[in-house]
Number of protein chains: 2
Amino acid sequence: MESFSSGPNRRAVLGGLAAMPFLSGPFVSTYVRAQTAPDDPLPSWNEGPAKAAIIGLVKSTTDAASPNFVPPDGRIATFDQDGTTWVEHPVYTQVVYCLDRVPAAVKAKPHLKEVEAFKTVLSGDREAIAKLSLKELEEIAMATLTGITVDQFQAEAAEWIATAKHPRWNRLYTDLTYQPMLEVMRYLRDNGYKTFIVTGGGQDFVRVYSQRVYGIPPEQIVGTAGGVTYGYDKAGKPILTKDPKLLLNDNFAGKPEGIHLEIGVRPVIAFGNSTGDREMLEYTTAGPGVRLGLLVLHDDPAREYAYGPAEGLPDTKVGAFTQALYGEAKAKGWNVISMKNDWKKIFSFEE
Amino acid sequence: MESFSSGPNRRAVLGGLAAMPFLSGPFVSTYVRAQTAPDDPLPSWNEGPAKAAIIGLVKSTTDAASPNFVPPDGRIATFDQDGTTWVEHPVYTQVVYCLDRVPAAVKAKPHLKEVEAFKTVLSGDREAIAKLSLKELEEIAMATLTGITVDQFQAEAAEWIATAKHPRWNRLYTDLTYQPMLEVMRYLRDNGYKTFIVTGGGQDFVRVYSQRVYGIPPEQIVGTAGGVTYGYDKAGKPILTKDPKLLLNDNFAGKPEGIHLEIGVRPVIAFGNSTGDREMLEYTTAGPGVRLGLLVLHDDPAREYAYGPAEGLPDTKVGAFTQALYGEAKAKGWNVISMKNDWKKIFSFEE
């Protein structure tokens, strides 16, 4: 059985899934490194409105003499993950994980071998896999992410994330976090903010690596969540089993709803990159006092990808930064972060 | 319309609700204050197995040379609230809140006036109120806690909790937190632990006062949770409305399930006082490495209440520390905290 998590086959599968012409484009580093002041908290950011807005917000909310001062308990910052803090193209990392888990899931539940979606994945037919419907992908997610204990899931996901690589860069997915966003997280924490990931992805998945990768502990990860059921194994030991039951779909309106469920405080600053983050930014910026909403615009095909409205690209399966969202951002004063212009460096491994 | 939140009427209503003979017993402070070392982190605790177990756990999990060392991210401590960190007799504080909100709820939704449970509360007939069924109390909770925005709820609950008093002591409910448990929380935090409330009560309710009363921020409160729905008010402003839909019943098996949902890490130490906490203690103490489960036994009718198995009292509506739970505690090595013997002082206002 071939694996989808590394090597040339997987690269082809993922290429097929996304069918993005720029996937195989050469990696060209075009930015000019500017001189950075030694005490610059955001050294990977070019000077510009986005950087100025972030620093301005932090300064005004942490200065006790400012009318916009926010006491430490209220300093909540939320970050979408896919496309906001790490690469989401050509396929969400967690979808790759689920495809890679199919052989093990079929081994555990042999009847799945007869189910069309699983047959397709097992066939290795890249074009067919690329055409799996959202419903079929959900079926695969349910089969690969549930029916196991929480401990089992954590062990399997930790093993995978430690080795699986992105086909374009041939690097660990966790190396493909955006250096400028890691700097923002650190800067916010250094100023008494608590940083949270609020992701449409599974919160159990992100919790496996969040402390190591983002410096964010598991309890500060809000994401799509299934139920778990408490019970006992054969030896009478307590176990939590992951259920195929959705408790929270942490996308769109689900983001402010999930923030209320697991945080209970309206954020002061929120980062997103797609229509799935719209309601989180609306909710954040509608709060009293000073607030800030920011959207990452993917407009750098050389260093990463370009799939914003300016490119006139059709909405893809992932990360739709639509013209409508762009319009709302402009109307509401949300800050649009241009990866091309605002970020000196995208990944920590760039020279 | 009479209020249930203060004055002699309310006192009688609550007395009727609980029908506890010791409710009107004299407040007698019987403990002998022992000499306390100046660096004692738990000065309100008498020396004994419970205090020794807590200090022993903290020392062994925070000493980098110990085989039981737990890195800071894993240092999670969970506390039940009602009966564990504050008084739960004769009626859960949040139930009193709901009864007090009935007139406002009926004003907002006049049809409730014709519903039996609401009629009963509005009648002021204490005996009839005391006999309300659990189902009727749930009806009242749904009507008084949902159908309003999160902001409205927070404002109303904050106003109530700032003034409502317990009938026995004629003190704010928030003054009836247990001083020894506040010391444990502080001691754990001073040693890099994160403290969480994991309550069968509503998490939105506890979040209103948790920072001020326990030093625990809203995002570290896990409790029974209803859904919220994101939407817009007439002016187009985003709002979250509390739904009459239960997302998490944070009692019994719901406690480890809620811990997984909102924390994602198994606790190292957990405190409870009733069968509703059994699964949380099982789950906590079944983890690898050193773990500690503790149960508060209410055995001090003079200073607080007595309703543990030793008193041979029938199970009450609240806080059942049953003989079976006592047996499981002994069998599993959970520590039973005797309020009478282990606590020098129960409330901060005691001399």
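This text gives an overview of the structure that appears in the document. Note that the structure is predicted; figures quoted are calculated from it, not measured.

### Structural notes on the sheet that holds strand β4 (residues 194-202) of chain A
Residues and elements named next belong to chain A. Read from one edge to the other, the open sheet built from seven strands follows the order β6-β5-β4-β1-β7-β8-β9, with strand pairing classed as mixed. Every other strand in the sheet has two partners, leaving β6 (238-248) and β9 (335-338) as the edge strands with one partner each. Going across the sheet, the axis of each strand differs from the next one's by a mean of 35°, ignoring polarity. With four bridges joining them, strand β1 (residues 76-79) and β4 adopt parallel strand pairing. By the bridge assignment, I76 is partnered in β4 with K194.

### Some words on the pairing of β9(A)
The side chains of a regular strand alternate between the sheet's two faces. Residues and elements named next belong to chain A. Both faces of β9 are covered, namely the face carrying N335 and I337 and the face carrying V336 and S338. As defined by bridge partners, strand β8 (residues 292-297) adjoins β9 across four bridges and the pair is classed as parallel. Paired with V296 across the two strands is I337, which belongs to β9.

### Regarding the relation of the copies chain A and chain B
Superposition of chain A onto chain B requires a rotation of 180° combined with a translation of 0.0 Å along the rotation axis, giving an RMSD of 0.0 Å. The transformation just described matches what one would write down for a two-fold rotation axis. For chain A, the residue whose C-alpha comes nearest the rotation axis is E262(A), separated from it by 2.8 Å.

### Digging into the side chain of D80(B)
All names here are of chain B. Mapped onto the secondary structure, D80 falls in the loop between β1 (76-79) and α3 (93-108). In this structure the side chain of D80 is engaged in a polar contact, spanning 2.7 Å, whose partner is the side chain of T84. If sequence neighbours within four positions are ignored, D80 has contacts with T85, V198, T199, G200, K255, F271, G272, N273, D277 and M280.

### Considering the interface of chain A and chain B
The interface is formed by 39 residues belonging to chain A together with 39 residues belonging to chain B. Carbon and sulfur atoms supply 56% of the area that chain A and chain B bury against each other, a total of about 3,300 Å² over both sides. The partner of D151(B) in a salt bridge is R266(A), with the nearest N and O atoms 3.5 Å apart. Put simply, the parts of the chain that give the side of chain A that touches chain B at least two residues each are α7 (150-161), β4, α9 (203-207), β5 (221-232), β6, α11 (254-262) and α12 (278-285) of chain A.

### Examining the packing of α11(A) against α12(A)
All names here are of chain A. Put simply, α11 and α12 touch, their axes get as near as 7 Å, and they point 55° apart. One way to sum up the angle between α11 and α12 is to call them oblique. Taking contact as the criterion, the partners of K255, P256 and I259 in α11 are, on α12, E279, M280 and Y283. Classifying every residue of the contact of α11 with α12 by side-chain character gives four nonpolar, no polar and two charged.

### Some details on the packing of aromatic side chains
The geometry of an aromatic ring pair comes down to the distance between the two centres and the angle between the two planes. Going through the model one piece at a time under the given rule, you end up with 32 aromatic pairs over all chains. Relative to F347(B), the ring of W169(B) has its centre 5.2 Å away and its plane inclined at 70°; by these criteria the two rings are edge-to-face. You can see W169(B) sitting in the loop between β2 (165-166) and β3 (171-172) and its partner F347(B) sitting in the segment after α14 (339-342), a full 178 residues away along the chain. Here W169(B) and F347(B) have matching classes, each one buried. These aromatic residues form a ring-pair network of at least three members: W45(A), W169(A), Y178(A), Y305(A), W343(A), F347(A) and F349(A). Here the guanidinium or amino end of R171(B) rests over the ring plane of F349(B), the centre of that ring lying 3.8 Å away.

### Concerning the pairing of β8(A)
Residue and element names in this part refer to chain A. Burial analysis of β8 places six of its six residues in the buried class, which makes it a mostly covered element. Of the two faces of β8, both are covered, the one formed by L292, L294 and V296 as well as the one formed by G293, L295 and L297. As paired elements, strand β7 (residues 269-272) and β8 share four bridges and run parallel to each other. Counted as the bridge partner of A270 is G293 from β8. Of the crossover connections in this fold, the one passing from β7 over α12 to the parallel β8 is right-handed.

### Quick look at unusual backbone geometry
The residue after H89(A), namely P90(A), is reached through a cis peptide bond having omega 0°. If you trace the backbone, P90(A) turns up in the loop between β1 and α3 (93-108). Here N170(A), not a glycine, exhibits a phi torsion of approximately 55°, which is positive. Look at N170(A) and you get partly exposed, because its relative accessible area is 45%. One non-glycine residue, F252(B), adopts positive backbone phi at about 55°. Tracing the backbone shows F252(B) in the loop between β6 (238-248) and α11 (254-262). For F252(B), a relative accessible area of 42% corresponds to the partly exposed category.

### Things to note about the environment of T149(B)
Checked against the element boundaries, T149(B) lands in the loop between α6 (134-145) and α7 (150-161). Taking the C-alpha atoms as reference points, T149(B) and Y230(B), separated by 81 residues in sequence, lie 9.7 Å from one another.

### A short note on the sheet that holds strand β5 (residues 221-232) of chain B
All names here are of chain B. Reading across the sheet, the seven strands line up as β6-β5-β4-β1-β7-β8-β9 and stay open at both edges, with mixed pairing between neighbours. Strand pairing shows two members of the sheet lacking a second neighbour, β6 and β9 (335-338), which therefore form its edges. Each adjacent strand pair in this sheet contributes to an overall mean axis angle of 35°, direction not counted. In this structure, β5 lies alongside β6, joined through seven bridges in antiparallel fashion. In the strand pairing of β6, T229 is matched with T241. Packed onto the sheet, helix α8 (residues 179-190) meets β1, β4 (194-202), β7 (269-272) and β8 (292-297) and runs at close to 165° relative to β1. Lying over the sheet, α11 contacts β1, β4, β5 and β6, oriented at roughly 55° with respect to β5.

Cut-off values and rules
Residues numbered from 1 in each chain as written. Chains lettered and ligands numbered in written order. Predicted model: local features only at pLDDT ≥ 70, side-chain atom pairs only at ≥ 80, totals over all residues. Heavy atoms only, no water. Pairing = 2+ DSSP bridges. Helix = DSSP H or I, 4+ residues; strand = E, 2+ residues; numbered from the N terminus. Axes fitted to C-alpha atoms, helices over the stretch in contact; angles between N-to-C directions. Buried < 20%, exposed > 50% of the residue type's maximum accessible area, 1.4 Å probe, protein only. Least-squares fit on C-alpha atoms with pLDDT ≥ 70 in both. Polar contact = N/O pair within 3.5 Å; in protein donor to acceptor, adjacent residues only side chain to side chain. Contact = heavy atoms within 4.5 Å. Buried area = accessible area lost by both parts, 1.4 Å probe. Salt bridge = Lys/Arg side-chain N within 4 Å of Asp/Glu carboxyl O. Parallel < 35°, antiparallel > 145°, perpendicular 65-115°, else oblique. Nonpolar A, V, L, I, M, F, W, Y, C, P; charged D, E, K, R; others polar. Phe/Tyr/Trp six-rings, centres within 6.5 Å; stacked < 30°, edge-to-face > 60°. Lys NZ or Arg CZ within 6 Å of the ring centre and 35° of its normal. Right-handed = clockwise from strand over helix to strand, strands pointing away.

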